Structure formats: structure tokens, C-alpha cells
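# Understanding the architecture of this molecule
Here's the letter readout for the chains.
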Amino acid sequence: MPIKIHSNLPACKILEKENIFVMTENRAVSQDIRPLKIAIVNLMPTKEVTETQLLRLLGNTPLQIEISLIRMEDHKYKTTGQQYLEKFYIPSSEIYKQKFDGMIITGAPIEQLDFEKVDYWNELCSIMDYAKDNVFSTLYVCWGAFAGLYHLHGIKKYPLDKKLSGVFMNERTIPNEPLLRGFDDTFPIPQSRYATLKKEDVLQNDKISILSQSTEAGVTLLKSKNNREIFMTGHLEYDTLTLAEEYSRDIAKGMNVPLPKNYFPTDDVKKTPSSYWRSTAHLFYSNWLNYYVYQETPFSFI
């Protein structure tokens, strides 16, 4: 899917080198089609890295996508310059003036905080409420998934004794689910979090279905029964070395974190890991865009 992004966005050059079809504004306006409008509420501190990871996956199917990067207004960013944010991101208040075919709300490294203690919590709640009627399908990732399940459905997150980090195999719980079409019987999802869900809490909610679960990682994929909300507790968008970089960063800070499971060859941090979730990631995002955004959104919705 050709993705329409700002021509100077750092991710643009990276994706072009990978032969991902990137379309600048000038070319996009010459095409007589309506692109899918996708908003990305990027809550991760490494903005450029997360942008590239998500755009790589969104740019792998045949239709044109117009990307809007969203920044929170009730938050002072420490790792991304204000000039960068003002150039490539629109403030969250701008999204209320339009509708979107799809939205992604990313994770954030704040699982150990109560939701109400997050400085932009009220702002994010307003976005999630807006999305219910003005976004046809919203994908909530990692902390974003916990936040969405809590605010929209009252499903709590529970702290883990130690960080859950690594790549864990999953099994589907619903046959013939379009989101998992083409998946192997078991499939990997990287995890990097300090919180989890209780399956019994989810089962008590008649508006949510569990799509996949893992023996080690618990419930991993869920959706609302109207297909408008998708929740993923892990990070299929992660690059090959993301978990290694997170582990090295945490160790450098003196944190007592476990070695990512099922990741480093023979659990040796000196050996380079390989990605064995990349094809799953591409298929997941392609299925989401195709079955829950493109094929379902009425032409007149936007």
C-alpha cells in the first residue's frame, strides 16, 4: 500500500531504501482515488523508530494510505524535539475536525503507572471516545491496548513481578478469524511489558473476544465484537534488534530485568538475534487494513 507521508520525514528515506512504496504529497494529489486515512497516535519515546516500524508494515499492500501523525498536547516531550513534533505531527485537537478509516494507538513505557497518573490520560480518553464514532477500526498496541480495554470496557491491567520480555508463541482461540487469516497454527509475538490481563476478566465481558493466547504471555490478541477495536498486548512492529536495545538500555540504567526469552541464540547476548515474527507482522497489519478497514469502511464514512 503506497503510504502518503511528509517527504522530509526521516522514515521516508529508510523505507525507500527497503523498496517500500512511499508517496509524497505532490504525487498523491494527482491520483483520482480516495486514500485510506490512518491516524497514528505515537506515544512511544523513540518517535522516529516507531514511525518507521509502523509505516513499513502499513506500506505493504496495494492501496494508497494517507498518514496523520498525532502528538499529545498535555505532555512535555523529553526525547523528541518540539521542532520535529511541530513539523511532522498534528496536535490531538486537530483530529476532532475529521474522521479516519483507521487509527493506531501505540504502546508507551509506563505500564507501572496507574492510568490516572499519566499526565495525558484525560486527553487520551477523549481520543478513544472520539474514535468510537469517528474511526472505523482502531488498533491498540501494548500499553495502548491496556489503556483501551480499561477505559472503554473496564478491564483492568495487573502488574507483573518482573518484566515480560521476549518472543512467545501463540495459539488462536477462534477459527476462521479474518485478522489471523493465513497465520500458522502457532505464531510468534514479541512482548515487552510490566503488566498483564486476567483471562477471566475478559471472559466476563460480552463485548470482547479473545483471538489468541500464549502459555507464557497470557492473552495476546483481542477484539470488540463489532470489529471496531483491536487490542494487541505485544509488539509485532518491533525490529529485529529492538528487544536487544531495550535490554541493553535497562541494564545500563542498573535495572534488574530478565534476559528476553526465546530471542538471543543460546541466550548469549553477544550473538545477534534473528527476526522470526516479521512475516506474521506483515500479515497481521495487511489483514487489519484489508478486512477491518478497507473492506468494511463505507465510502461515505469520511
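Anything mentioned here points back to the structure above.
Summarised in this report is the structure supplied together with it. What you see is a predicted model; the values in this text were computed from it and never measured. Position numbers for residues start from 1 in each chain and track the written sequence from start to end. Local features in a predicted model are, by the rule used here, given only for residues with pLDDT of at least 70; side-chain atom pairs are given and counted only at 80 or more, and totals for whole chains, interfaces and linings are based on all residues. Values reported for side chains reflect all heavy atoms of the structure, with hydrogen atoms and water molecules removed beforehand.

### Describing the overall build of the chain
Numbering goes from the N terminus for both helices and strands, where a helix is a DSSP run of H or I of at least four residues and a strand is a run of E of at least two. Looking only at helices and strands, the chain features 9 helices and 12 strands. A burial count over the chain gives 55% of its 302 residues as buried. In the chain, the proportion of contacts linking residues at least 24 apart, taken out of those at least 6 apart, comes to 72%. Shrake-Rupley sampling with a 1.4 Å probe provides the accessible areas, and residues are treated as covered by the protein chains on show and by no other component. As displayed, the chain offers around 14100 Å² of accessible surface, 48% of which is attributable to carbon and sulfur atoms. Here the term buried applies to any residue with accessible area under 20% of the maximum for its type, exposed to any over 50%, and partly exposed to those in between, with areas from a 1.4 Å probe on protein chains only. Here, two residues are considered to be in contact whenever any of their heavy atoms come within 4.5 Å of each other.

### Describing the packing of helix α3 (residues 47-58) against helix α9 (residues 278-294)
Contact geometry for α3 and α9: axes closest at 8 Å, N-to-C directions at 65 degrees. In terms of orientation, α3 lies roughly perpendicular with respect to α9. Residues L54, R56, L57 and L58 of α3 form the contact with α9, whose participating residues are A281, H282, Y285, W288 and L289. Of the residues belonging to the contact of α3 with α9, the class tally is 7 nonpolar, 1 polar and 1 charged. Fitted lines through C-alpha atoms serve as axes, helices being fitted only where they are in contact, and the angles separating the N-to-C directions of these axes extend from 0 to 180 degrees. What sets the label is the angle itself: under 35 degrees gives roughly parallel, over 145 gives roughly antiparallel, 65 to 115 gives roughly perpendicular, and the rest give oblique. Side-chain classes follow a simple rule in which Ala, Val, Leu, Ile, Met, Phe, Trp, Tyr, Cys and Pro form the nonpolar group, Asp, Glu, Lys and Arg form the charged group, and the remainder, Gly included, forms the polar group.

### Digging into the environment of E237
Looking at the element boundaries, E237 is found in the loop between β12 (229-232) and α8 (242-252). Among the residues examined, E237 registers a relative accessible area of 7% and is labelled buried. Considered as a pair, E237 and A281 are 44 residues apart in the sequence and their alpha carbons are 6.3 Å apart. Excluding residues within four positions of it along the chain, E237 makes contact with Q53, L54, L57, V141 and Y285. What qualifies as a polar contact is a pair of N or O atoms within 3.5 Å, subject to a donor-acceptor requirement within protein and to the restriction that residues adjacent in sequence count only when both atoms come from side chains. A distance of 2.7 Å separates polar atoms of two side chains, one belonging to E237 and the other to H235.

### Digging into the pairing of strand β8 (residues 158-172)
Two elements, β8 and strand β9 (residues 186-196), share 10 bridges in a ladder whose sense is antiparallel. Considered in β9, the bridge of L164 is made with R193. The rule for pairing is simple: two strands pair if DSSP sees at least two bridges between them.

### Here we look at the side chain of Q53
The topology assignment puts Q53 in helix α3. Within polar-contact distance, the side chain of Q53 engages the side chain of D239 at 3.3 Å. Setting aside residues up to four positions removed in sequence, Q53 forms contacts with E237, Y238, D239 and T242.

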